[in-house]
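Okay, here's what each chain looks like letter by letter:
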Amino acid sequence: MTPHKRRTIFCGLQWGTTGSCRGNSRNGVARESLTMDCLKSCLDGLQRYVWSSTLKDSTWTSKEYEEYELEFKSYMQQNLQTLSPAEDFATEHRDDPEELQRKLQDLLELCKEANYIVVFTGAGISTSIGLPDYRGPQGVWTRKLKGELVSDDLGLERSAQLQPSRSHWAISRLHQNGFIKFVSSTNVDGLHLKSGLPKACLAELHGNSYVEECESCLKPFHRSFVTRTATGLFDHRTGRYCELCGGPLRDIIVNFGNTFEHVPSMEAQHDAAWLHCLKADLVLVLGSSLSILTACDLPEECLEARDGKPDGGKMVIVNLQRTPKDPLASLRIFAPCDEVMAFLEEALLGTER
Ligand SMILES: [Zn+2]
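In this convention, every chain numbers its residues from 1, walking through the sequence in written order. Since the coordinates come from a predicted model, pLDDT governs what is reported: local features require at least 70, and pairs of side-chain atoms require 80 or more to be given and counted, while whole-chain, interface and lining totals use all residues. Side-chain descriptors were evaluated using all non-hydrogen atoms of the structure, hydrogens and water having been removed beforehand.

A. Examining the environment of D271 more closely. Helix and strand assignments come from DSSP, with helices taken as H or I runs of at least 4 residues and strands as E runs of at least 2, each series counted from the N terminus. Mapped onto the secondary structure, D271 falls in helix α8 (residues 266–279). Along the primary structure D271 and L205 are separated by 66 residues, whereas in three dimensions their C-alpha atoms are 9.6 Å apart.

B. Structural view of the side chain of Q269. Relative to the assigned elements, Q269 resides in helix α8. Polar contact is defined as a pair of N or O atoms within 3.5 Å, subject to the rule that within protein one atom must be able to donate a hydrogen and the other to accept it, and that residues adjacent in sequence are counted only when both atoms are side-chain atoms. In this structure the side chain of Q269 is engaged in a polar contact, spanning 2.7 Å, whose partner is the backbone nitrogen of E204. By definition, residues are in contact when any of their heavy atoms lie within 4.5 Å. Leaving out residues up to four positions away in the same chain, Q269 has contacts with L202, A203, E204 and L205.

C. Focus on empty space enclosed by the protein. Put plainly, a pocket is an open set of points on a 1 Å grid over the protein atoms alone with protein on both sides within 12 Å along at least five of seven lines, a cavity is a set where a 1.4 Å probe fits but cannot get out, and a lining residue has an atom within 4 Å of a point. Grid points are joined across faces, edges and corners, and a volume is the space filled by probe spheres set on the points. Summed over the entire model, instances satisfying the criterion amount to two cavities of 30 Å³ or more. Approximately 30 Å³ is the volume found for the second largest cavity. Lining the second largest cavity are C111, I117, L174, F179, I180, L284, L344 and L348.

D. Spatial organisation of the coordination of the zinc ion. Nitrogen, oxygen and sulfur within 2.8 Å of a metal are treated as its donors, or within 3.2 Å for sodium, potassium and calcium (Na, K, Ca); water is not counted, so a site can appear incomplete. Protein coordination at the zinc ion: the donors are C214 (SG), C217 (SG), C242 (SG) and C245 (SG), at 2.2 to 2.4 Å from the metal. Angle rules define the geometry names used: all angles between 85 and 135 degrees makes four donors tetrahedral, while opposite donors over 155 degrees apart and all other angles between 65 and 115 make four donors square planar and six octahedral, leaving every other case irregular. Metal-centred angles of 98 to 119° between the four donor atoms at the zinc ion mark the site as tetrahedral. Of note, the donors binding the zinc ion are all from one chain and are spaced C-x2-C-x24-C-x2-C. Pair noted here: C214 is in strand β4 (residues 211–214) and C242 is in the loop between β6 (237–241) and β7 (248–251), with a separation of 28 residues, a long-range link.

E. Geometry of the UniProt feature "binding site: Zn(2+)" (unreviewed entry) in the protein chain. Within this structure's numbering, the places UniProt gives as "binding site: Zn(2+)" (unreviewed entry) are C214, C217, C242 and C245. A maximum C-alpha distance of 8.5 Å is found for the annotated residues, which run over 32 residues; spatially they form one tight group. Looking at the element boundaries, C217 is found in the loop between β4 and β5 (220–222). Excluding residues within four positions of it along the chain, C217 makes contact with C242 and C245. With sequence-adjacent residues up to four places away left out, C242 is seen in contact with C214, C217, F221, G247 and L249. UniProt positions are given in the numbering used here, feature names are shortened, and annotations may be inferred rather than shown by experiment.

F. Region of the structure containing helix α6 (residues 166–176). Within α6 the residues assigned to the buried category are S167, H168, A170, I171, S172, L174 and H175. Looking at the buried positions of α6, the neighbouring elements they touch are β1 (117–121), β2 (180–185), α7 (191–194), β8 (282–286) and α9 (337–349). Positioned one or two residues after α6, G178 has a phi angle of 85°, which is positive. A simple rule labels every residue: compare its accessible area, found with a 1.4 Å probe on the protein chains alone, to the largest value its type can have, and call it buried under 20%, exposed over 50%, or partly exposed in between.

G. View of the UniProt feature "active site" (unreviewed entry) in the protein chain. Annotation from UniProt places "active site" (unreviewed entry) at H206. With respect to the helices and strands, H206 occurs in the loop between β3 (202–204) and β4.

H. Spatial organisation of the sheet that holds β1. Strands sit in the order β3-β2-β1-β8-β9-β10 across an open sheet of six strands; the sheet is parallel. A single partner strand is all that each edge strand has here, and the edge strands are β3 and β10 (331–333). Taking each pair of neighbouring strands and ignoring which way they run, the sheet shows an average axis angle of 15°. Pairing of strand β9 (residues 314–318) with β10, which is carried by three bridges, proceeds in the parallel orientation. When the sheet's bridge partners are listed, V316 is paired in β10 with L331. Throughout, an axis means a line fitted to C-alpha atoms (over the contacting stretch in the case of helices), and angles, computed between N-to-C directions, take values from 0 to 180 degrees. Sheet strands in contact with helix α4 (residues 97–113) are β1, β8, β9 and β10, and its direction is about 135° off that of β10. Sheet contacts for α9: β8, β9 and β10; angle to β8, the most-contacted strand, approximately 140°. Following DSSP output, two strands are said to pair if at least two bridges run between them.

Now the structure itself:
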């Protein structure tokens, strides 16, 4: 196995991918989706947050964090110097109704023309069911950086009640009917599987909160509860043991600062996502800020011309905030994912469900 160069990226609450995936992270620097003012207040907030003894956030008070703090500060300062007001990735926008209708028709045409559609989803497809996103105005990461206390469980502990969003259901049905070939997601909420999307057609790039796997025989176990019990960034053991071989079980969440070395099964997830993006002639990005390496570089892999798609592929981005990848998109839609996916499902499958 080729050793992966370790790369540390600052990302959402405690996870985000950092492994170098087949060298596809070409840009090198992920721009945090925050405005200048926000970045400034974040730096102050970070200082307060890290050193506050009253906070009970194990991730941020762990020893490993100290190492990251310095690197994080220089990262933020670099962004402060390079981020122009025109590159505002924090403000939410919405297309006016007429413009949205035009764009939806364009999207429908693109979907009808495409032979191989891959969907890439982020936290934005789960916000309508009450889960937080990371970089929206009320996002977990935005709030943490402002120094606010944010709960670690993210609402995932309510797993029994947690139901897929309109977008999840639409994706699952469009897959069932042959329109969507593969889904890559940075979400750890397990809702794509809950909506009936087959595991073989899904890459969960940052893991799944309800899965733990055996360190020895690698067998995954799907649970009805959140499996992670460890508090250190590089700790993954859950304290439970494999029902087959007795080996220790580990959660598969890609924590802040982790590489494939720490969560080995993620390499296969990334590779699958990468190959399907290469093959795709249309990648539909839903509710992602497209700012976290290495996952954020996957959708654009569809753009290059290859056998079977001499003109290259196209990328469509649906997100309320601008993203650093917007210039690469053939179509950019500023609307809630549920609205777009409900339209697409009805237009492609009819109202019968
Ligand atoms: Zn085992």
